[in-house]
Each structure stands twice: as structure tokens, then as C-alpha cells.
Amino acid sequence: MQGTSNANQRIARIAAHLLPSNSQMMEGSSMNLGWENCRAKGASPGFKVAILGAAGGIGQPLSMLMKMNPLVSVLHLYDVVNTPGVTADISHMDTGAVVRGFLGKEKLDEALTGMDLVIIPAGVPRKPGMTRDDLFNINAGIVKTLCEGIARCCPRAIVNLISNPVNSTVAIAAEVFKKAGTYDPKLLLGVTMLDVVRANTFVAEVLGLDPREVDVPVVGGHAGVTILPLLSQVKPSCSFTPEEVNYLTDRIQNGGTEVVEAKAGAGSATLSMAYAAVKFADACLRGLRGEAGVVAYAFLESQACSASQPCYLDVHVAGLEKAKKELAASIQKGVSFARK
Ligand SMILES: NC(=O)c1ccc[n+]([C@@H]2O[C@H](COP(=O)([O-])OP(=O)(O)OC[C@H]3O[C@@H](n4cnc5c(N)ncnc54)[C@H](O)[C@@H]3O)[C@@H](O)[C@H]2O)c1
């Protein structure tokens, strides 16, 4: 017991450096005994993660789930509204990560400094009848500003970009990082894990299996025809009728719209998205920690589909050319915006 207690004290002392001495958990706290007065400054050893847009529909459950992730030692929650409430709420969970909140754009740099992983669900979601591209005008500027902060404060952080249209926002982020001289394609990942999660679920339903046993590779981007489920490479090995292929491809490509319509104006997928984002973030952190054999799908710059190097893709993916054409246009739109 004594040994454990000493070890805990040592860990707490080591972890104290994670928190600046003059920082408070949240500005405006009126408690007499401040958090800074507490003896153990908290934090188990682990990674520092920031969530930008933490008070939103995705941001809140995502923050909660990341607070439960044992690989996270420090969790920074940033938003332009409502961060104090979300931070106070989540900070009461008795898990290892220390939570700090940051409200408003003047706190962006503080929120980002020293982060290992930055997850971005900031921006407006779709309403019925909208495409993801309809969000471009608002979300492009938000993503650009946030990525400028990342380039300044944590240029080696892995970025998980959730804000739509992902097919364009990743290109905007890439341009910002190129301009700052910090771009590394391996660190900038558009989050498409929700498409994988949906594909696993829908394929499991068709096959009558437990979704946890099913692994469906989904490549390409994150909008309609750019989402390419590789149904001939499903694990466990199986085959589908042409009708099943059509049904599954359509349902996976339009799963987001199914949720937007069901929510009838109240937003897009938030809970399944938070689940998918955490699954993806966890894969990134396990990769960072050096774990071997971690495989996850994302939208990122790659030479896999260049003219000189033919794509290793499912031969049955009839929509590949269509997807490449739409992706090229979305990427160009992002590049033009960022270079304006
Ligand atoms: N990649 C995917 O698979 C996927 C799935 C679902 C939704 N999305 C996208 O995720 C984004 C967020 O969706 P949501 O449902 O959480 O929306 P939401 O409106 O509920 O939340 C967005 C949050 O972003 C915050 N925000 C706005 N501007 C900001 C800024 N400059 N800095 C920091 N925070 C800012 C808002 O205050 C809000 O709290 C949308 O663009 C949506 O289309 C992506």
C-alpha cells in the first residue's frame, strides 16, 4: 500500500508540469479554495488532447468519451460558446484525464499549446435538403482559423478533422499548414470513421452477424458517391447478391442523410459520430504510443490514386471514377478558398 501511495505521489508530482502554475480550471471561478491549491495536480501519464468545438452536438459526447479514454492525461475543451458548463460537468468524472476549458478565440492558442492530438468538430451541421458542400461557406473559415492556431501552437500534433465538408476542409487545412511550413500529410486526417462504423453495422444486419465481428474497409472521401465501401473485402469473408450490394452501397453512402432527415432540422449525426471519432482518436493515440498493427481508415493526401501509381482498390468499385472526379473538385474548392 505504502509503495502504491508513494508511486501515486511521484506520478502526481511529475504530472504537475502539465498544468501551468497560474492557470485556473476555468476563468471566472469564484471558489475560495482554487483548483491550483489542490495537492495533487492530477493527470495520469498519457497524451494531451484538444477538442475544438467541444460544446456542440458532437463535441459534448466526444469530450465525455475522451475523458474516459485511459490514454488521455490532459483534455482541453475549446469552443466559442458554453465551454465553462461543459468543462465543469465533464471535469467531475472520476477518470484520469485532467480537463481544462477555453472560451473564445483569444483562448485558442492556450488551448492548443503542447497538444499531441487535436480533434475538430467545430462548425455548422446539415439540415434536411442540404448537402455537406452547402456548409462550405461557414465552415471553411472556421477550419482555416483553427488550423492557423494549430500551426502556431502544436505543429506536430495529429489533427482529426470532422467539420464538413471533409472533402474540402482537409484541403483547406493542408494549405494552411503548407503556408506555415508545418505540413505533414501523415498528421492531417479527415475523419471518415463514421462511414466505417455504419458499414459494419449495415453489413452485419444483412449477414445476421454481431457488428463487432464485422470489418468493412471504406475508402475515398466523406460525401455521397465519394464514400467507397469495399464490399468484396469484408471480414469475415462473405459474398453478397447484386441487390445486397446496391442496398448496402446506397445505405452506407447516404447514412448521414438518413440521420439528418430523421432529426428533421435538429442537426446531423452527433452520438454515433462522437463514438466513431473516439474510435478513430483512440487508434491515433495507440499508433502514437508505438502499438503495432493499428489499422484505421481516413481521408488524407496520398499517392495511392495518382496517375503514375494505379490504385489498389476493389475491382468491383464501379463508382471509383465518379468518386475521383467529385473528390478532385471538392479538393480544388478547398485549395482555392485557402489561397484567396
Ligand atoms: N466527419 C463526419 O463524419 C461528420 C459527421 C457528422 C457531422 N459532421 C460535421 O461536424 C460538424 C459539427 O457538427 P455538430 O452537430 O457538432 O454541430 P453543432 O452546431 O452542434 O456544434 C458545433 C460547435 O462548433 C462550435 N463552433 C463554431 N464556430 C467555432 C469556432 N470558430 N471555434 C470553435 N468552435 C466553434 C459551435 O459553437 C458549436 O458548439 C459539422 O460541420 C458537421 O457537418 C461530420
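In case you missed it, the structure is sitting above this.
Keep in mind the model is a prediction, meaning the values are calculated, not measured.

## A look at the overall build of the protein
Here's step 1: When you go through the protein residue by residue, the secondary structure sums to eleven helices and eight strands.
Here's step 2: Residues counted as buried form 43% of the 340 residues belonging to the protein.
Here's step 3: Looking at the protein alone, contacts between residues at least 24 apart form 73% of all its contacts between residues at least 6 apart.

## Points about the pairing of strand β5 (residues 158-161)
Here's step 1: In β5, alternate side chains face the same way, and those of I158 and N160 on one face and V159 and L161 on the other are all buried.
Here's step 2: When strand β4 (residues 117-120) meets β5, the two strands line up parallel, connected through four bridges. Bridge assignment links L117 to a residue of β5, and that residue is I158.
Here's step 3: After leaving β4, the chain enters helix α5 (residues 136-153) and then returns to the sheet as β5, a path that is right-handed.
Here's step 4: Relative to strand β6 (residues 188-190), β5 is paired through three bridges, and the arrangement is parallel. Looking at the pairing, L161 lines up with G190 of β6.
Here's step 5: Read from β5 through helix α6 (residues 166-180) to β6, the crossover connection turns out right-handed.

## Observations regarding the environment of D184
Here's step 1: Along the polypeptide, D184 turns up in the loop between α6 and β6.
Here's step 2: For D184, a count of 13 C-beta atoms within 10 Å translates into the label partly exposed.
Here's step 3: Considered as a pair, D184 and R156 are 28 residues apart in the sequence and their alpha carbons are 8.3 Å apart.

## Side note on helix α2 (residues 59-67)
Here's step 1: G59, Q60, L62, S63, M66 and K67 are the residues of α2 that are buried. All buried residues of α2 fall inside an arc of 165° around its axis, so they share one side.
Here's step 2: Each element contacted by the buried residues of α2 is listed here: β1 (47-52), β2 (72-79), α3 (83-91), β3 (98-103), β4 and α10 (271-288).

## Quick look at the nonpolar core
Here's step 1: Core analysis: the biggest nonpolar cluster contains 93 residues, and L117, V118, A173 and A277 have the highest contact counts within it.
Here's step 2: Here this core spans two domains, and each of domain 1 (41-191) and domain 2 (193-339) adds at least three residues to it.
Here's step 3: Setting aside its immediate chain neighbours within four residues, L117 contacts F47, V49, A157, I158, N160, A281, C284 and L285.

Reading the values: the criteria
Residues numbered from 1 in each chain as written. Predicted model: local features only at pLDDT ≥ 70, side-chain atom pairs only at ≥ 80, totals over all residues. Helix = DSSP H or I, 4+ residues; strand = E, 2+ residues; numbered from the N terminus. Buried ≥ 20, exposed ≤ 12 C-beta atoms within 10 Å, placed from the backbone. Contact = placed C-beta atoms within 7 Å. Pairing = 2+ DSSP bridges. Right-handed = clockwise from strand over helix to strand, strands pointing away. Arc of directions from axis to C-beta. Core = buried A, V, L, I, M, F, W, Y, C linked by C-beta atoms within 7 Å. Domains from an automatic or database assignment.

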